[in-house]
Amino acid sequence: MKPKKSLGQNFLNDKNILSEIVNAGDINKNDTILEIGPGTGNLTELILKKNPKHLIVIEKDKNLSLKLVDKFKNKIKVINKDILECFDELKINEPLKVFGNLPYNISTKILTSFIKQDHLDKKYKKFIFVFQKEVADRIVAEENTKSYGRLTILTSWKTNRLKVFDISPNCFYPMPKVWSSLVTLIPKSNILILNKVKNLEHVTNIFFNHRRKMIKKPMKLLFKDYENIAKKININLNSRPQNITEKQFLEICKLYENLI
Ligand code: SAH
């Protein structure tokens, strides 16, 4: 069967890398696992060897789904759907560990759809995801770097992020053009509660729209008395968006929410 580019099908076939990915999930027999985009089942097979309580996989490709049922029989539950359309249907009784060598065309969309959910720590124990390296770098970035931005702030607000290792294009079939990275994210149990995630997205959009410009302009756009607010949260209006810490962005968002 020919891999489908439209579905981001780059199958991982390096045994060492696959087993390192599974190890990053510290699977035990009480875990219920969700795997996104299992494809031909390379990762699925190794997850099963760790004897989790349940393994549910979501695969959009009809043919691959049928093959997975054939291969694993009733050892796994195969859902033949688009992950982006079944978040609400996922009946979760216990926190999940979520694995995925994600389809790269929608990898950030998948991640943010998880992150934006309420009570993240009650629903998920850990995410073990393979991204294109550039996306992984944005997720785990620190402030004052080029990769630091909206995705960093959103993910670090709710999770502890870790890049485990980079993966060469050679480990996939067909070979992607870029390097990939394994990232784990563990939901934090104590986070600052915002009224709406949308407000944080709005604030960071305004700031990072012009990432090279000084933050005076976005501050002015958000607040009438921006100079006082800048003093209050101790930021210099001449700095750039990448100099503002995640904590300061959350403070800015809180103050913005008080106004609207
Ligand atoms: N995990 C496998 C395959 C990774 S390739 C491996 O490592 O070998 C990405 C997989 O995601 C493909 O099997 C593709 O069909 C599937 N996929 C693509 N878009 C999807 C979507 N929206 N929902 C669920 N699965 C999807």
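Note that the coordinates shown come from a computational prediction; the quantities given were computed from them, not determined experimentally. (Residues numbered from 1 in each chain as written. Predicted model: local features only at pLDDT ≥ 70, side-chain atom pairs only at ≥ 80, totals over all residues. Heavy atoms only, no water.)

> Honestly, the overall build of the chain in this entry has me stumped. Any pointers?
Helix and strand counts for the chain come out as 11 helices and nine strands. Relative to its length of 260 residues, the chain is compact, with a C-alpha radius of gyration of 20 Å against a globular reference of 18 Å. Overall, the chain is about 65 × 40 × 30 Å in size when its C-alpha atoms are taken along their principal axes. Counting all 260 residues of the chain, 49% fall into the buried class. The contacts of the chain with a sequence gap of at least 6 include a subset with a gap of at least 24, amounting to 67%. A total of about 14,000 Å² of accessible surface is found on the chain, and carbon and sulfur atoms cover 50% of it. Separation of charge centres in the chain, based on 47 positive and 27 negative side chains, amounts to 3 Å. (Helix = DSSP H or I, 4+ residues; strand = E, 2+ residues; numbered from the N terminus. Rg over C-alpha atoms; globule rule 2.2 N^0.38 Å. Buried < 20%, exposed > 50% of the residue type's maximum accessible area, 1.4 Å probe, protein only. Contact = heavy atoms within 4.5 Å. Areas by Shrake-Rupley, 256 points an atom, 1.4 Å probe, with all protein chains shown as cover. Lys, Arg positive; Asp, Glu negative; His and termini not counted. Charge placed at Lys NZ, Arg CZ, Asp CG, Glu CD.)

> Looking at this structure, how should I read the site of the ligand?
Taken together, 22 residues are adjacent to the ligand, and Q9, G37, E59, D82 and N101 come closest. One of the backbone N or O atoms of K60 is found 3.3 Å from a nitrogen atom in the ligand. In this structure, I83 approaches the ligand through a main-chain N or O atom, which is 2.9 Å from a nitrogen atom. Notes on the ligand: free accessible area 570 Å², of which the protein chains cover 99%. Looking at the shell around the ligand residue by residue, the classes come out as nine nonpolar, seven polar and six charged. (Near = heavy atom within 4 Å. Polar contact = N/O pair within 3.5 Å; in protein donor to acceptor, adjacent residues only side chain to side chain. Nonpolar A, V, L, I, M, F, W, Y, C, P; charged D, E, K, R; others polar.)

> Explain helix α8 (residues 197-208) to me, please; I cannot follow it from the model alone.
Structural remark: α-helix, 3.6 residues per turn; residues separated by three or four positions point the same way. The end-to-end C-alpha distance of α8 is 16 Å, a good match for the 16 Å that 12 residues give at a rise of 1.5 Å each. Among the residues of α8, those classed as buried are V197, N199, L200, V203, T204, I206, F207 and F208. Looking at the buried positions of α8, the neighbouring elements they touch are α7 (150-158), α9 (216-222) and α11 (246-259). (Expected span 1.5 Å × (residues − 1).)

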